[in-house]
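Okay, here's what each chain looks like letter by letter:
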Amino acid sequence: MGFYFFYMAWDVNTIYGYMRFLVRKNQSGSISSTEFFYAWNSEQMDLFQDLKGRFQARNNGKEGINTGLIENERIELKLSPFIKTTTIAIAAGLGTRPTDFSYLLAFRIGGYDVKHINKNQIATVNDNVIDPPSVANNCYYYTPYGSQYKFFPTTVTSADIDYLGVPTDVNWAYSLDGSGRQVYDAGASVQPQWNQEEIIEITERTLKKFGVSYKNGDMAQYGNSVIQSGN
């Protein structure tokens, strides 16, 4: 049973409870739900940026092409909860990014690839006698403008987008009992979207931010504590 506790997906109540357990164990005071909200969410965004690739560093030598860290199967697996696909509407050649957009993976129109071009290539592409923008020939292009994309030919009306969405902030919600104490409200809480391995890493990063020391056995100890006490 303890083995299952350690490996099952942690909800926000388990994460917050584990952190308070270690803070008490280290005699470091306490962590309020507000402090937990800001600290854990800032650490999940740091990990998200690390995995996505902050500066799109070259991964094949100084002279190689710039490639994001997301273009890696292991990292893509870690980010899998945030990889999404949807269809965006296009009017007069312009389509707007999804509201939770963070990183573009691919565009398709009618199942065909949409190629990225720079602003100085627009005129060249439009005048291209070999591969001009064309619905009939399934030849499509795009370039970004702020929160929108400009598509060519401008007559297209929709595009399928694969993208990386921003993680949702977790939140430990509560109600007050008759004595004014905070009682966990699972229905109003916002749960982490990450896989279990990354939930553990983010929690450990957060604990370091609070200056709390821990060792691997602390998780098993907390699991036994929960099993015995029921909370």
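See the structure printed just above.
Rules behind the numbers
- Residues numbered from 1 in each chain as written.
- Predicted model: local features only at pLDDT ≥ 70, side-chain atom pairs only at ≥ 80, totals over all residues.
- Heavy atoms only, no water.
- Helix = DSSP H or I, 4+ residues; strand = E, 2+ residues; numbered from the N terminus.
- Contact = heavy atoms within 4.5 Å.
- Buried < 20%, exposed > 50% of the residue type's maximum accessible area, 1.4 Å probe, protein only.
- Polar contact = N/O pair within 3.5 Å; in protein donor to acceptor, adjacent residues only side chain to side chain.
- Pairing = 2+ DSSP bridges.
- Axes fitted to C-alpha atoms, helices over the stretch in contact; angles between N-to-C directions.
- Parallel < 35°, antiparallel > 145°, perpendicular 65-115°, else oblique.
- Nonpolar A, V, L, I, M, F, W, Y, C, P; charged D, E, K, R; others polar.
- Phe/Tyr/Trp six-rings, centres within 6.5 Å; stacked < 30°, edge-to-face > 60°.

Caption draft 1: Seen up close, the overall build of the protein chain. In terms of helices and strands, the protein chain carries seven helices and nine strands. Counting contacts in the protein chain only where the partners sit at least 6 residues apart, residues at least 24 apart contribute 68% of the total.

Caption draft 2: How the structure looks around the side chain of Gln-196. Relative to the helices and strands, Gln-196 resides in helix H6 (residues 196–209). For Gln-196, a relative accessible area of 16% translates into the label buried. Within polar-contact distance, the side chain of Gln-196 engages the backbone nitrogen of Trp-10 at 3.0 Å.

Caption draft 3: Molecular detail of the pairing of strand E1 (residues 83–91). Examined bridge by bridge, E1 and strand E7 (residues 158–165) share seven bridges and lie antiparallel to one another. Bridge pairing in E7 links Ile-88 to Ala-159. Pairing of E1 with strand E2 (residues 94–96), which is carried by two bridges, proceeds in the antiparallel orientation. Paired with Ala-91 across the bridge in E2 is Leu-94. Between E1 and E2, which pair antiparallel in sequence order, lie two residues; one of them, Ala-92, sits at a positive phi of approximately 55 degrees.

Caption draft 4: Broad picture of the packing of helix H2 (residues 12–25) against helix H3 (residues 33–52). The interhelical angle for the contact between H2 and H3, taken along N-to-C directions, is 105 degrees, at an axis separation of 11 Å. Taken together, the axes of H2 and H3 are roughly perpendicular relative to one another. Across the interface between the two elements, Val-12, Ile-15, Tyr-16 and Met-19 of H2 pack against Ser-33, Phe-36 and Trp-40 of H3. Within the contact of H2 with H3, the residues separate by chemical class into six nonpolar, one polar and no charged.

Caption draft 5: Region of interest: the packing of aromatic side chains. Evaluation of the coordinates by the stated rule reveals 14 aromatic pairs. With a centroid separation of 4.7 Å and 70 degrees between ring planes, the pair formed by Phe-82 and Trp-194 is classed as edge-to-face. Placement of Phe-82 in the loop between helix H4 (73–78) and E1 and of Trp-194 in the loop between strand E9 (182–184) and H6 is noted, with a sequence separation of 112 residues between them. Assessed through its relative accessible area of 1%, Phe-82 is described here as buried. Residue Trp-194 is classed as buried on the basis of its relative accessible area, which comes to 5%. Pairing Phe-107 with Tyr-149 gives two aromatic rings, centres 5.0 Å apart and planes at 85 degrees, and the pair type is edge-to-face. On the criterion of sequence distance, the pair formed by Phe-107 in strand E3 (residues 101–109) and Tyr-149 in strand E6 (residues 148–152) is long-range, its members being 42 residues apart.

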